[in-house]
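# Reading the structure
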Amino acid sequence: MADNKGNNKNANNNNSNNTVKKSKKFLEYKGKPLVRCGKTIYYGSMSDPYVVCLNILSDEKVKDLNVSGRVAIQLLDTDPNVSPKEKVVKKSEKLGLFTALDLGAVWLERALKKQDKA
């Protein structure tokens, strides 16, 4: 019986060594992360010079789902030294989340390419 206890002990040690560490993975759109907090969605990486902020201004109930209506889009400068008034580089408003996200993706792609060339 003593041998069985020793074997169980080793089996437990092996299980603890095989534990898989889970890493946080963000939902992505066109290779960039999407992070949501309430009715605000950030698109892009905060380590990049720019991100897109989408604010859902209105939504409507379709069957059991809330579907976004008007969405405000802002291209934001992530530089902490920039004043809050200067952080908003571009802004617009669109109907529907996909239309807004698609426009924001174009703005972000162009801004990052422009930054790389500078």
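Before reading on, note that the structure itself is shown above.
Attention in this report is confined to the structure presented alongside it.

Calculation criteria
Residues numbered from 1 in each chain as written. Predicted model: local features only at pLDDT ≥ 70, side-chain atom pairs only at ≥ 80, totals over all residues. Heavy atoms only, no water. Salt bridge = Lys/Arg side-chain N within 4 Å of Asp/Glu carboxyl O. Helix = DSSP H or I, 4+ residues; strand = E, 2+ residues; numbered from the N terminus. Buried < 20%, exposed > 50% of the residue type's maximum accessible area, 1.4 Å probe, protein only. Contact = heavy atoms within 4.5 Å. Patch = residues over 30% accessible without salt bridge, like charges linked within 9 Å, V, L, I, M, F, W, Y side chains within 5 Å. Areas by Shrake-Rupley, 256 points an atom, 1.4 Å probe, with all protein chains shown as cover. 1 Å grid on protein atoms, 1.4 Å probe; cavity = no way out; pocket = protein on both sides within 12 Å on 5 of 7 lines; lining within 4 Å. Points joined across faces, edges and corners; volume = space filled by probe spheres on them. Nonpolar A, V, L, I, M, F, W, Y, C, P; charged D, E, K, R; others polar. Pairing = 2+ DSSP bridges. Axes fitted to C-alpha atoms, helices over the stretch in contact; angles between N-to-C directions.

A few words now on the pattern of salt bridges. Counting across every chain of the model gives four salt bridges. For Asp-59, the salt bridge is made with Lys-39, and the minimal N-O distance between the two is 3.4 Å. Linking Asp-59 in strand 5 (residues 59-62) with Lys-39 in the loop between strand 2 (32-37) and strand 3 (40-43), this pair joins segments that are 20 residues apart in sequence. Its relative accessible area of 43% is what places Lys-39 among the partly exposed residues. A salt bridge links Arg-70 to Glu-93; the shortest N-O distance between them is 2.8 Å. Taken together, the positions of Arg-70 in strand 7 (residues 70-77) and Glu-93 in strand 8 (residues 88-95) put the pair 23 residues apart, joining distant regions of the chain. Looking at Glu-93, the relative accessible area reads 40%, which means it is partly exposed.

Turning next to the environment of Asn-55. If you trace the backbone, Asn-55 turns up in strand 4 (residues 50-56). Residue Asn-55 is classed as partly exposed on the basis of its relative accessible area, which comes to 22%. Distance in space between the C-alpha atoms of Asn-55 and Thr-40 is 4.6 Å, their sequence separation being 15 residues. Aside from chain neighbours lying at most four places away, what touches Asn-55 is Lys-39, Thr-40, Arg-70, Val-71, Ala-72 and Gln-74.

It is worth spelling out a nonpolar patch on the surface at this point. Together, Phe-26, Val-35, Tyr-42 and Met-46 make up a nonpolar patch on the protein surface, roughly 380 Å² of accessible area in all. With respect to the helices, strands and loops of the structure, Val-35 is situated in strand 2. We classify Val-35 as partly exposed; its relative accessible area is 34%.

Turning our attention to the layout of surface pockets. Of the voids in this model, the largest pocket is the one considered here, and its volume is about 160 Å³. Contributing to the lining of the largest pocket are Tyr-50, Leu-75, Val-89, Lys-90, Trp-107, Arg-110, Ala-111, Lys-114 and Gln-115. Those elements that provide at least two residues to the lining of the largest pocket are strand 8 and helix 3 (97-117). In terms of residues, the lining of the largest pocket owes the most to one element, helix 3, which gives five residues. Residues that form the lining of the largest pocket fall into these classes: five nonpolar, one polar and three charged.

Moving on to the sheet that holds strand 2. Pairing is antiparallel in the open sheet, where six strands are placed in the order 1-2-3-4-7-8. Both edges of this open sheet fall to strand 1 (27-29) and strand 8, since each of them pairs with a single strand only. Averaged over neighbouring strand pairs, the angle between their axes works out to 25° when direction is ignored. Both strand 3 and strand 4 contribute to a ladder of four bridges, which runs antiparallel. Paired with Tyr-42 across the strands is Cys-53, a residue of strand 4.

This part takes up the pairing of strand 4. Where burial is concerned, most of strand 4 is hidden: six out of the seven residues are buried. The antiparallel hairpin formed by strand 3 and strand 4 contains six residues in its connecting segment, where Gly-44 sits at a positive phi of about 115°. Note that strand 4 and strand 7 share seven bridges and pair antiparallel. Residue pairing across strands places Tyr-50 opposite Asp-77, the latter belonging to strand 7.

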